[in-house]
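So you can see what is in the structure, the chains are spelled out below.
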Amino acid sequence: MEDLTSHPQDVRGAGCVADDLGDDRLLRMFADGDAGAARILTDRLGPRCYSVSLRMLGNRAEAEDVTQDAMMRLWQMAPKWVPGTAKVSTWLYRVTLNLCLDRKRKKTPEQLPEEAEPPDNAASVVEKMQDTARHDALQVALMQLPDRQRQAVVLRHIEELSNPEIAGVMGLSVEAVESLTARGKRALSAILAGRREELGYDDG
Amino acid sequence: MTMADDDMELENLFAQARKDRSELPDDLAVRIQTDAETTRLGRLVKHARPERSHWSRILDNIGGWQGFSGLAAASVTGVFIGFFAPAVLPDTAGLFGATDGSVLAADLGFDTSFLESTE
């Protein structure tokens, strides 16, 4: 994850912003009134925020709300951001995960990932169910993990953050992150193995 | 399946998940940009508005110029009465030396005969 914190070229006032500027430089430019900086930050950070929210919540509508809320907090925080103190992306991941946890706490029954379209051909019902199951298997298994394990596994194995970065996002030590991801992976393997047996595609 | 196969299966699922990482839906991107623009313009408007002086804010708190002129008139009247008290007003400063409560009450024009009868 690249986060260039300084750049010798001053592009402000030129009517455009360069894509290779660091996140905190762009945030400063946005705070100073540069609309182009917000567009680049949205393109750069929005998808990460949405991807994590979707994996944490398993629901598109909720993930969209959380992403919008997290990005709104980014815009509001922009003037107060102190460059060099932390990575903007780390801050945003932390806000996103906290918003996801808040949503989960407010929700009483656990919602499973959105269902796929129902099969339209009776002859291929079993086959399609198996395809859907394979496709959603990881998400279904992720939703069964405790929150902290799910956060660590998603950040490490899907978002590809380093362990120290995850430690920064989750406010834990690197050792604690390693332990969480290892336990999370073991739990996922066990859940997936059980699911394969249930759905009868263990051999293939 | 062996444990190694399980691990391999899980790694394949992670790889697929990374490949299928969700793009930002177009309407969500528009909503985010709208929020950014609203925040940016709000900040610009706030900065463009002239900063009100300390005295202007105090004046507002006491009711503007009308409130200030009323306050000034009352203050001047108070000072005038303090220096040039009319004869019809009791000498309240002299009352501080009084030891008998009836004197104070009588000087203020109350009927104090009931106090005298009990003595």
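Preceding this paragraph is the structure being described.
In this report, the structure presented in the accompanying data block is examined. All figures in this text were calculated on a predicted structure; none of them were measured in a lab.

**Topic: the packing of helix α3 (residues 60–77) of chain A against helix α4 (residues 88–106) of chain A**
Residue and element names in this part refer to chain A.
Link 1 in the chain: Packing of α3 against α4 brings their axes to within 9 Å, and their N-to-C directions diverge by 135°. Classified by the angle between their axes, α3 and α4 sit oblique to one another. The two elements α3 and α4 meet at a crossing, and its hand is right-handed. Contacts between α3 and α4 involve Glu62, Asp65, Val66, Asp69, Ala70, Met71, Arg73, Leu74 and Met77 from the first element and Val88, Trp91, Leu92, Val95, Thr96, Leu99, Cys100 and Arg103 from the second.
Link 2 in the chain: Residue composition of the contact of α3 with α4, by class: eleven nonpolar, one polar and five charged.

**Notes on the packing of aromatic side chains**
Residue and element names in this part refer to chain A.
Link 1 in the chain: For the structure shown, the criterion picks out one aromatic pair over all chains.
Link 2 in the chain: Seen from their ring centres, Phe30 and Trp75 are 5.0 Å apart, and the 50° between their planes marks the pair as tilted. With a gap of 45 residues between them, Phe30 in helix α1 (residues 23–31) and Trp75 in helix α3 connect regions that are remote in the sequence.
Link 3 in the chain: Judged by relative accessible area, which is 1%, Phe30 ranks as buried.
Link 4 in the chain: Overall, Trp75 belongs to the buried group, its relative accessible area being 0%.

**Here we look at the environment of Leu188 of chain A**
Link 1 in the chain: Among the secondary structure elements, Leu188 of chain A is positioned in helix α8 (residues 174–199).
Link 2 in the chain: Here the alpha-carbon distance between Leu188 of chain A and Gln149 of chain A, two residues 39 residues apart in the chain, equals 10.0 Å.

Parameters and conventions
Residues numbered from 1 in each chain as written. Chains lettered and ligands numbered in written order. Predicted model: local features only at pLDDT ≥ 70, side-chain atom pairs only at ≥ 80, totals over all residues. Heavy atoms only, no water. Axes fitted to C-alpha atoms, helices over the stretch in contact; angles between N-to-C directions. Helix = DSSP H or I, 4+ residues; strand = E, 2+ residues; numbered from the N terminus. Parallel < 35°, antiparallel > 145°, perpendicular 65-115°, else oblique. Left-handed = near helix turned anticlockwise from the far one by under 90°. Contact = heavy atoms within 4.5 Å. Nonpolar A, V, L, I, M, F, W, Y, C, P; charged D, E, K, R; others polar. Phe/Tyr/Trp six-rings, centres within 6.5 Å; stacked < 30°, edge-to-face > 60°. Buried < 20%, exposed > 50% of the residue type's maximum accessible area, 1.4 Å probe, protein only.

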